[in-house]
Amino acid sequence: MALSRFWGWFLIHIALFLSLCYAEDPFVFYDFEVTYITASPLGVPQQVIAINNKFPGPTINSTTNNNVVINVRNKLDESLLMHWSGIQQRRSSWQDGVLGTNCPIPPKWNWTYQFQVKDQVGSFFYFPSLHFQRAAGGFGSFIINNRPIIPIPFDTPDGDIVILIGDWYTRNHTALRKALDAGKGLGMPDGVLINGKGPYRYNDTLVPDGIEYETINVHPGKTYRLRVHNVGISTSLNFRIQSHNLLLAESEGSYTVQQNYTSLDIHVGQSYSFLLTTDQNASSDYYIVASARFVNESQWKRVTGVAILRYSNSKGKASGPLPDPPQDEFDKTFSMNQARSIRWNVSASGARPNPQGSFRYGSINVTEVYVLRNKPPETIDGKRRATLSGISFVNPATPIRLADQYKIKGAYKLDFPNKPLTGPPKMETSVINGTYRGFMEVILQNNDTKMHTYHMSGYAFFVVGMDYGEWSENSRGTYNKWDGIARSTTQVYPGAWTAILISLDNVGVWNLRTENLDSWYLGQETYVRVVNPEATNKTELPMPDNALFCGALSKLQKPQDVSSSLATSIIEGRSKLFFTVLMIASTLFLVSR
């Protein structure tokens, strides 16, 4: 009997031990095999980038504070980095997946990302950040859910639906890259995809027969959360669903003041959550539309994505004309006013129980100001390049964060100007010197003729103002100092400016770039380097054991044992623990008999 009591005590305590080990901050595991496949989203066979043979890639589904482990096997014929856009990588820019912080994963190698989605919720996406590869696919959704104890500011939806929209070319990414290298533009895209599929044949002239289109199946009388991401190259898209309102609820990790829109402009790199109530009579299916904005609409008619919303009691196929876009082809004021109407829900909890708006950004003193001006591409040293403040960024052979770790001199310059250069443009590896715990004001001035969106890794910044014309000191009088939306990607209209405020509390090296893939490829980016003068693991995690080496440190790189990875070691560690417990339990069981 004593042994039986010990046996029960032992099993209970082992169960408690295992739950304590893994319950507080659980792990979620993904295995990504990145390959080329042949697909025909616009009816033309072409090479696309798939993950686990899927195009688009699988959705990463996690919860606040989860440890996310993603083993990436690069089966492409060129190097690869995966970037987790909008995931703040708190204390760990090592995992950000851009050239300023990571050496590329060589072809036929694998590399394991491990990071914590610390104090974040919301809708994000991932994509390959090198070699113009996003133009070929490799992207997918990244969801971070609230923990059960933290309420969401709306009733629990009846379903969660991901919609990836984006402009698309039938030329593969290497051909597009060669065009840019040769000093040419990309020209008009060939279409717009919705979840990797071409348009429903709403028009027999504009849409050829035989194209596979996306169908979203819903039930009447329900409310669904739609997570919509513009994963395209450079085209702003107006998103709308025929006869339905879109109740905006969240944008890139911040809950918004809930407002109904009949359509919303979603710019390249941006993500939104809408609540869609299926309250129509289902006399037929309904169109889901993503159409190009701020272009000659008659020329761009065929560049329109069309999917189908199908009620379970639908009585027939969708037919007739598409729902109208905003009637403002030559007037962008409507779109800007719509953007200004998106406000932060300061009474809602974010990832923590305290309200989102408890951080009073409007009363914090600004410590540094940077005016970043872009222009149309220009020729520098005989090459067509894009610039920020007169500097076209050159990626370093040794990533910035790695160069710091090993004290490599000359890898970059910490001299990015706080005002645009007045002389001729130049190509430099020039980086912004951010002040740890400083409060930075950045004015993004768009002197190009097309719309741009700008993204900053590592942070959600506050969008406090935007207007047409040149920004001046007096423009601060128009700032929203209370409930400007906090997000990671903001649009800047042509001939206009957008002002953002950033609390530099995340140590690391963080990419600041245009999301327009062609301009990014041509050098319109920089990095913000944020260093804590007192080195401590509390503000930055150590360099990962599996870090890759390149550039001046390439001799440190050991040949890869493909059978080993961080994910494998974690899984094996759990397995060994489990089998150890099992062996002890089995031994005790045999003894007890």
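Let me begin by describing the structure that accompanies this report. Since this is a predicted model, take the numbers as computed values, not measurements.

1. Quick look at the sheet that holds strand S12 (residues 223–230)
- The strand order across the open sheet formed by 6 strands is S10-S9-S12-S17-S14-S15, and the pairing between neighbours is mixed. The open sheet is flanked by strand S10 (191–194) and strand S15 (254–261), the only strands paired with a single partner. If you compare each strand with its neighbour and ignore which way they point, the axes differ by 25 degrees on average.
- Examined bridge by bridge, strand S9 (residues 159–168) and S10 share 4 bridges and lie antiparallel to one another. Note that in S10 the partner of Gly166 across the bridge is Leu193.

2. So, the pattern of salt bridges
- One pass over the structure, following the stated rule, counts 27 salt bridges.
- Notably, a salt bridge pairs Asp119 with Arg352, separated by 2.6 Å at the nearest N-O pair. Of this pair, Asp119 sits in the loop between strand S6 (110–116) and strand S7 (122–128) while Arg352 sits in the loop between helix H3 (333–340) and strand S20 (368–374), and the two are 233 residues apart along the sequence.
- A relative accessible area of 46% means that Arg352 is categorised as partly exposed.
- The residue Arg487 makes a salt bridge to Glu252 at a minimum N-O spacing of 2.8 Å. Highlighted residues: Arg487 in strand S29 (residues 486–487) and Glu252 in the loop between strand S14 (246–251) and S15, separated in sequence by 235 residues. One exposure class covers both Arg487 and Glu252, and it is buried.
- Each member of the salt-bridge network shares a partner with another, and the members are Asp31, Glu33, Arg73 and Lys75.

3. So, the state of the cysteines
- On inspection of all chains with the given rule, the structure shows 1 disulfide.
- Put simply, Cys103 and Cys550 are joined by a disulfide, and their sulfur atoms are 2.1 Å apart. On the sign convention where negative is left-handed, the bridge of Cys103 and Cys550, at about -80 degrees about the S-S bond, is left-handed. Remark: Cys550 occurs in the loop between strand S33 (525–531) and helix H6 (566–592) and Cys103 occurs in the loop between strand S5 (82–85) and S6; sequence separation between them is 447 residues.
- When its relative accessible area of 5% is taken as the criterion, Cys103 is described as buried.
- Residue classification places Cys550 among the buried positions, given a relative accessible area of 15%.

4. Observations concerning helix H2 (residues 173–181)
- For H2, the set of buried residues is His173, Leu176, Arg177, Ala179 and Leu180. On an axial view of H2, the arc spanned by its buried residues comes to 155 degrees, and they lie on one face. Facing away from the buried side of H2 by over 90 degrees, the exposed positions are Lys178 and Asp181.
- Residues of H2 that are buried in the fold lie against strand S1 (27–39), strand S2 (46–51), strand S22 (383–385) and helix H5 (517–521).

Reading guide: rules and limits
Residues numbered from 1 in each chain as written. Predicted model: local features only at pLDDT ≥ 70, side-chain atom pairs only at ≥ 80, totals over all residues. Heavy atoms only, no water. Pairing = 2+ DSSP bridges. Helix = DSSP H or I, 4+ residues; strand = E, 2+ residues; numbered from the N terminus. Axes fitted to C-alpha atoms, helices over the stretch in contact; angles between N-to-C directions. Salt bridge = Lys/Arg side-chain N within 4 Å of Asp/Glu carboxyl O. Buried < 20%, exposed > 50% of the residue type's maximum accessible area, 1.4 Å probe, protein only. Disulfide = S-S within 2.5 Å. Arc of directions from axis to C-beta. Contact = heavy atoms within 4.5 Å.

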